[in-house]
Amino acid sequence: MVKVSLSSGFRDAADGAASVEIEATTVRELLRLLLERYPAMERHYDEGVAVSINGEIYRDIRDLSIPPDAEIFLLPRLQGG
Amino acid sequence: MAEQSYTDQEFKVIGSRVRRPDGIDKVTGRARYGADAFAPGQLVGRILRSPHAHAKIKKIDTSRAEKMKGVKAVITCDDLPDLTGGRGPNYDILVNCMARGTALYHGHAVAAVAAVDEPTARKALKAIKVEYKTLPHVTDVDAAMAEDAPIVQPGVEHDGKPSNIVNVSQFGHGDVEAGFAEADVIIEKSYKTEQTHQGYIEPHACLASMGPDGDGELWVTTQGHFTFRTVCAQLLGLDIAKLKVTSSEIGGGFGGKTHVWMEPLALAMSRKANRPVKLVMGRDEVFMGSGPTCSTSMDVKIGAKKDGTITAGLATLRYQDGPFPGPWGMLGGMTAWACYDLPNVQAVAYDVLVNRPKVAAYRAPSAPMAAFAVESTMDLVADKIGMDPVDFRLKNVAKEGSKAAYGPTYGPIGIEATLNAVKNHPHMKAKLGKNQGRGMACGFWFNFGGQTCTDLNIGTDGTVNLTMGTVDVGGARASMSLIAAEELGIPYEKVKCNVGDTSSLGHNDTTEGSRGTFSSGMATIFAARAAVEVLKQRAALMWEIDVEDVEWEDGAAHAKGIEHSNLAPLTLAEIAKKSPQTGGPIAGHNEVVADGAGVSFASHICDVEVDPETGKSKILRYTVVQDAGKAIHPDYVEGQFQGAAAQGIGWALNEEYVYGEDGRLQNPSFLDYRIPVCSDLPFIDTEILEIPNPNHPYGIRGVGETSIVPPLAAIAGAVSNAVGVRLDHTPMSPPRILKAIHDANGA
């Protein structure tokens with residue numbers, strides 16, 4: 001079970017929760033299970049999400065393993081110049 | 001990620017200041033930019049733009065223009081049917097490229113013409129009659145948030161009411177009110193920054209050619225030709241594979257060329273005319289019709305103990321996005337407090353619509369404004385408690401293990417190292433004269449990687465063609481050539497790096513987020529290593545030994561073991577020469593999603609002299625300290641630091657979009673919009689720190705953006721110390737400085 005902290009933009013889709021617990025071992029599984037639990041996440045997924053694992057932000061990699069007790073944040077997808 | 005992790009290897013050519021591969025072409029005029037392409041029978045495209053800030057388009061009559069001799073196509077939004085589903089980022093791009101029923105800002109495109117020459121195209125634009133019904137407009141972010149503000153986009157609601165507020169983001173942790181209750185000193189101040197443009201010298205330009213069979217080609221100045229292909233194909237209903245996009249040499253982008261502005265219009269006109277169409281923006285169009293950064297209004301509150309420990313920080317940030325929603329306020333909120341380890345911190349960020357051009361990314365988008373407000377307030381707190389501003393920052397600096405205000409816990413980061421470098425820099429100890437002041441500030445940017453695809457092909461003479469898919473905006477061809485040379489063990493001069501068109505490689509994300517050297521560097525390393533495996537196989541064939549007995553070192557295959565001691569090493573050139581007989585071409589390829597870019601920090605020092613009679617300020621000395629992870633080509637790294645600082649200086653002192661009461665942009669030219677020129681700037685000193693990024697084989701971090709973040713605050717500190725009055729509004733132009741002095745003196 002991993003604890004996923006949600007930045008503010010995602011909380012409306014998760015009934016206001018600041019964090020949720022999900023049984024997932026990869027980023028892909030985490031995002032899929034999160035969407036199954038909170039279908040309103042789809043809009044955010046369309047706009048793009050990034051996942052921070054133990055401080056490293058991953059915008060695209062989905063097959064990444066989630067280490068036990070990892071710190072997970074769901075963040076908006078970043079744009080740069 | 002293991003194969004991508006830092007290898008801590010000894011480098012032979014990485015870090016050397018080799019000749020720039022594009023230098024001669026650029027200084028001789030041989031380099032081909034966006035406007036330098038020609039095609040047989042090409043037409044000249046021109047765009048008709050709205051003279052109003054906000055207006056219903058009741059009718060567009062193109063009949064006279066269409067009948068003019070030499071006019072081959074006239075288009076309106078009717079020629080660009082909505083294929084996006086009517087929502088989302090690509091719909092916004094479609095609406096921004098050509099107004100659909102409503103002109104949303106002064107300069108919004110409403111029609112376009114393709115004609116045989118420029119005069120005919122201009123005459124045709126004048127022949128198009130547009131009937132407008134003007135609507136109330138709003139161009140100021142605070143005014144746009146007022147309850148009675150004109151609504152920019154019907155349908156947007158906030159708190160259940162029509163509104164221009166499209167998004168509210170919150171980041172932080174702890175209890176800020178409890179934190180402020182613990183503080184000995186609290187400083188609260190409001191700030192404003194005006195809208196600025198990236199100011200790239202090369203305007204937007206493209207040559208579009210659509211064939212009757214639905215195949216198309218687009219030559220364009222862009223930071224991301226693959227992204228342009230995807231967007232244009234969707235907007236025009238084309239197969240992605242049938243649209244070939246070639247990126248020209250680029251004369252600056254800084255985020256402004258990550259977005260599609262007019263290219264679908266060129267393609268649509270070419271499709272209608274069945275002729276190639278060249279479309280080049282004038283400078284006024286670049287200001288009015290491309291994407292500047294946000295203007296902002298911000299409030300920052302910091303509480304601290306007398307010993308310098310910050311107990312709480314609160315930032316309320318209001319960013320205007322133009323008429324379309326963007327992530328800009330959100331990014332300001334994420335970056336505002338990123339340099340510090342704070343127990344109680346919050347950033348509340350508003351994204352707000354106004355009748356100005358669609359906002360685009362500008363080098364570390366949104367971070368400079370938030371840093372201006374936070375860092376300026378940091379100075380005020382340090383002053384209030386009588387602490388050196390560098391020591392105050394060091395007391396609260398984020399370190400490995402600190403919880404970032406935007407959420408995650410930091411790994412190894414370089415902000416403390418940049419601050420210590422600033423503290424010990426001779427610049428900080430240099431004496432100042434009359435009317436002179438010194439400021440310093442810190443900055444943060446995320447950096448990222450993304451999809452990347454690279455090909456490496458070895459010729460039979462032992463030279464190497466490296467084809468990368470990320471646009472070279474600041475030295476990537478040199479850096480990639482160095483990396484390929486390092487991996488293969490050959491001289492830098494033996495590698496020729498090109499940017500491939502969209503038909504020659506798999507998708508590459510846009511060159512943004514300081515990702516070019518990080519991500520294409522990673523792909524080049526792996527492509528070269530794949531080629532080395534082929535070279536070893538070919539050497540084994542030539543020697544008739546097992547490939548396991550071959551190793552690669554110093555640009556040559558070596559046979560291992562005493563039983564092969566009679567075999568002299570085979571160089572890359574020798575193996576390549578025999579390649580037709582050993583299996584054909586030798587190549588390496590890699591596609592990768594290069595994540596793990598690592599965050600980046602910089603600290604700057606600035607000395608300014610201000611003429612108290614005129615308010616004119618002069619930058620006397622400027623020093624940039626930034627963590628580069630590993631500087632592949634130090635000249636280019638220093639150039640990125642200096643370029644970012646120069647842009648920040650312009651932003652801080654002079655650059656500003658000026659809107660009239662009528663909502664029209666008053667200064668769309670470089671005469672009236674004042675970017676810094678050489679005579680405005682001192683030589684900008686740089687200090688490169690190399691704290692390896694553990695997620696890249698060479699330890700590379702992005703370097704292109706972070707150093708535009710500190711200048712606004714560093715210069716504000718310097719100007720404020722020079723005149724004795726805190727400046728809180730950029731640009732700190734002479735009239736604004738004079739007004740601040742007069743207001744402080746009660747004049």
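All of these numbers come straight from a predicted model, not from anything done at the bench.

S.K.: Account for the overall build of chain B, naming residues and giving values.
M.R.: Looking only at helices and strands, chain B features 21 helices and 29 strands. Taken against the 2.2 N^0.38 rule, which gives 27 Å for 747 residues, the C-alpha radius of gyration of chain B at 27 Å falls within 12% of a compact globule. When the backbone C-alpha atoms are referred to their principal axes, chain B occupies close to 90 × 75 × 50 Å. Counting all 747 residues of chain B, 59% fall into the buried class. At a minimum sequence separation of 6, the contacts of chain B that also span at least 24 residues come to 80%.

S.K.: I'd like a description of the overall build of chain A, backed by residues and values.
M.R.: Along the backbone of chain A there are three helices and five strands. What you see in chain A, going N to C, is helices and strands ordered as β-α-β-α-α-β-β-β. In terms of C-alpha radius of gyration, chain A reaches 12 Å, essentially the compact-globule figure of 12 Å for 81 residues. Along the longest, intermediate and shortest principal axes, the C-alpha atoms of chain A span 35 × 25 × 20 Å. Across chain A, contacts joining residues at least 24 apart in sequence account for 51% of those joining residues at least 6 apart.

S.K.: So what's going on with the interface of chain B and chain A? Which residues, and what values?
M.R.: At the interface, 31 residues of chain B touch 21 residues of chain A. The element that contributes the greatest number of residues to the side of chain B that touches chain A is strand 9 (residues 165–173) of chain B, accounting for three residues. The residue makeup of the side of chain B that touches chain A, split by class, is 13 nonpolar, 14 polar and four charged.

S.K.: Quick one: what's the story with the domain arrangement of chain B, residue by residue and with numbers?
M.R.: Residues and elements named next belong to chain B. In terms of domains, chain B is made up of domain 1 (2–31 + 449–594), domain 2 (35–136 + 198–289) and domain 3 (418–441 + 598–747). Facing 14 residues of domain 1, the contacting portion of domain 2 comprises 16 residues. The residue makeup of the side of domain 1 that touches domain 2, split by class, is four nonpolar, seven polar and three charged.

S.K.: Let's hear about the sheet that holds strand 6 (residues 129–134) of chain B: which residues, and what values?
M.R.: Reading across the sheet, the three strands line up as 4-2-6 (chain B) and stay open at both edges, with antiparallel pairing between neighbours. Looking at the sheet topology across the chains shown, the edges are occupied by strand 4 (102–103) and strand 6 of chain B.

S.K.: Go over the pairing of strand 28 (residues 684–689) of chain B with me, naming the residues and quoting the values.
M.R.: All names here are of chain B. When strand 27 (residues 617–627) meets strand 28, the two strands line up parallel, connected through six bridges. Bridge pairing in strand 28 places Thr 623 opposite Asp 685. Once you follow strand 27 into helix 19 (residues 634–653) and on to strand 28, the crossover reads as right-handed.

S.K.: A description of helix 16 (residues 516–543) of chain B should follow, citing residues and the corresponding values.
M.R.: For helix 16 of chain B, with 28 residues, the first-to-last C-alpha span of 39 Å sits near the 40 Å given by 1.5 Å per residue. Two residues or fewer past helix 16 of chain B, Glu544(B) is found with a positive phi of approximately 60°.

S.K.: Would you mind going over the sheet that holds strand 21 (residues 495–499) of chain B in detail, with residue names and values included?
M.R.: Residues and elements named next belong to chain B. One open sheet holds the four strands; their spatial order is 21-20-19-25, and the pairing between them is mixed. Only two strands of the sheet have a single partner each, and these edge strands are strand 21 and strand 25 (586–594). Strand after strand, the sheet turns through a mean of 15° between neighbouring axes, direction not considered. The pairing of strand 19 (residues 450–458) with strand 20 (residues 464–468) spans five bridges and is classified as antiparallel. From the neighbouring strand, Asp 455 faces strand 20, where its bridge partner is Thr 467. Running over the sheet, helix 15 (residues 476–488) touches strand 19, strand 20 and strand 21 and is turned about 130° from strand 20.

Conventions and cut-offs
Residues numbered from 1 in each chain as written. Chains lettered and ligands numbered in written order. Predicted model: local features only at pLDDT ≥ 70, side-chain atom pairs only at ≥ 80, totals over all residues. Helix = DSSP H or I, 4+ residues; strand = E, 2+ residues; numbered from the N terminus. Rg over C-alpha atoms; globule rule 2.2 N^0.38 Å. Buried ≥ 20, exposed ≤ 12 C-beta atoms within 10 Å, placed from the backbone. Contact = placed C-beta atoms within 7 Å. Nonpolar A, V, L, I, M, F, W, Y, C, P; charged D, E, K, R; others polar. Domains from an automatic or database assignment. Pairing = 2+ DSSP bridges. Right-handed = clockwise from strand over helix to strand, strands pointing away. Expected span 1.5 Å × (residues − 1). Axes fitted to C-alpha atoms, helices over the stretch in contact; angles between N-to-C directions.

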